[in-house]
Amino acid sequence: MAAHAFDSDGLSGTVVTYTSIDNASSFGPPVIVNQGYGQFVNDDQVIVTTDKASSSPFFGNIYTGYTHDYNTQFIP
């Protein structure tokens, strides 16, 4: 599972994933995919996909993607 997590200030969007080995009954601790950077850089639109093509050498691999947004209106 992937999530868009925020710091306590609610400004830094970080992409994290969680893994489960018991068919989603429980999950391990979050693993940071990419750290957000305050109000200026925010990771958004998280997607997870799996290579399901049995002929692929990467069959079964799971990939996480996201958009790396820059807040051009940010003034420190």
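So, here is what we can say about the structure in this document. (Residues numbered from 1 in each chain as written. Predicted model: local features only at pLDDT ≥ 70, side-chain atom pairs only at ≥ 80, totals over all residues. Heavy atoms only, no water.)

**Let's talk about the overall build of the protein**
Inclusion rule: Only runs of H or I of at least four residues qualify as helices and only runs of E of at least two qualify as strands under DSSP, and these elements are numbered from the N terminus. Throughout, exposure labels follow a simple rule: accessible area from a 1.4 Å probe, protein chains only, divided by the maximum for the residue type, with under 20% read as buried, over 50% as exposed, and the rest as partly exposed. Contacts are assigned to residue pairs with any non-hydrogen atoms lying within 4.5 Å of each other. In these tables, accessible area is a Shrake-Rupley quantity obtained with a 1.4 Å probe, and a residue counts as shielded only by the protein chains included in the view.
Across its full length, the protein carries zero helices and five strands. If you list the helices and strands of the protein from N to C, you get β-β-β-β-β. Across the 76 residues that make up the protein, the buried fraction comes to 16%. Taking the contacts inside the protein whose residues are at least 6 apart along the sequence as the reference set, 37% of them involve residues at least 24 apart. Counting every atom, the protein has about 5500 Å² of accessible surface; 56% of that belongs to carbon and sulfur.

**Remarks on unusual backbone geometry**
The phi angle at N23 is positive, at roughly 60 degrees, despite the residue not being glycine. Residue placement: N23 occurs in the loop between β2 (13-17) and β3 (31-34). Not every positive phi belongs to a glycine, and A24 is a case in point at roughly 70 degrees. Note that A24 resides in the loop between β2 and β3.

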